[in-house]
Amino acid sequence: MPCLLDSPRGPLCAAALAPLCVHPDFRRQGIGAALVKEGISRMKSIDCQALLVVGDPAYYGRFGFSAALAAQIACPYSGPHLMALELERGILAGTGLRADYPEPFAAL
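Keep in mind that what you see is a predicted model, and the values were worked out from it rather than measured. (Residues numbered from 1 in each chain as written. Predicted model: local features only at pLDDT ≥ 70, side-chain atom pairs only at ≥ 80, totals over all residues. Heavy atoms only, no water.)

On to the overall build of the protein chain. The secondary structure content of the protein chain amounts to four helices and six strands. Along the protein chain, helices (α) and strands (β) appear in the sequence β-β-α-β-α-α-β-β-β-α when read from the amino end. Taken against the 2.2 N^0.38 rule, which gives 13 Å for 108 residues, the C-alpha radius of gyration of the protein chain at 14 Å falls within 12% of a compact globule. For the protein chain, the C-alpha atoms occupy an extent of roughly 45 × 30 × 25 Å along the three principal directions. Looking at the protein chain as a whole, 37% of its 108 residues qualify as buried. The long-range share in the protein chain, meaning contacts at least 24 apart out of those at least 6 apart in sequence, stands at 62%. In the structure as shown, the protein chain presents an accessible area of about 6300 Å², 57% of it carried by carbon and sulfur atoms. (Helix = DSSP H or I, 4+ residues; strand = E, 2+ residues; numbered from the N terminus. Rg over C-alpha atoms; globule rule 2.2 N^0.38 Å. Buried < 20%, exposed > 50% of the residue type's maximum accessible area, 1.4 Å probe, protein only. Contact = heavy atoms within 4.5 Å. Areas by Shrake-Rupley, 256 points an atom, 1.4 Å probe, with all protein chains shown as cover.)

And the structure:
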């Protein structure tokens, strides 16, 4: 799901990698991890600069997502479960970052 990440330097190419859910009967088989890795790979392939996710820090942290990195981003979902991953090194450095999610995201 795309999101727009605004910075003082102008808009950044960013995406929201969420929501993610695997049916309980199929958990612990690597399906979720494969989906996250594929999402990261696809976003890299289209030169996306950053990814955001709202979820469990222990789970997404193992893929490189960081709540500390996302803490500087103004967002309706700010807090300990908002995490960011830079696909372009240093792209989230600085202040004045704002994430705008599309309306349908709030319905999830």
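On to the nonpolar core, then. Formed by 31 residues in total, the largest nonpolar core has its most connected members in Leu5, Ile40, Leu51, Phe65, Ile73, Leu92 and Tyr101. Listed by contribution, the elements that provide at least two residues to this core are strand E2 (10–16), helix H1 (31–45), strand E3 (50–54), strand E5 (82–86) and strand E6 (97–100). (Core = buried A, V, L, I, M, F, W, Y, C linked by side-chain atoms within 4.5 Å.)

Among the five residues of E3, four are classified as buried, and the element is accordingly described as predominantly covered. The handedness of the E2 to E3 crossover, carried by H1, is right-handed. (Right-handed = clockwise from strand over helix to strand, strands pointing away.)

Okay, the pattern of salt bridges next. Enumeration according to the criterion identifies two salt bridges in this entry. The shortest N-O distance in the salt bridge between Arg98 and Asp100 comes to 2.7 Å. Residue class for Arg98 comes out partly exposed when judged on its relative accessible area of 39%. (Salt bridge = Lys/Arg side-chain N within 4 Å of Asp/Glu carboxyl O.)

Moving on to the environment of Cys21. Among the secondary structure elements, Cys21 is positioned in the loop between E2 and H1. Linking Cys21 and Pro76, residues 55 residues apart in sequence, is a C-alpha distance of 21 Å.

On the surface, Phe26, Ile31 and Leu35 cluster together into a nonpolar patch covering about 260 Å² of accessible area. Here Ile31 lies in helix H1. (Patch = residues over 30% accessible without salt bridge, like charges linked within 9 Å, V, L, I, M, F, W, Y side chains within 5 Å.)

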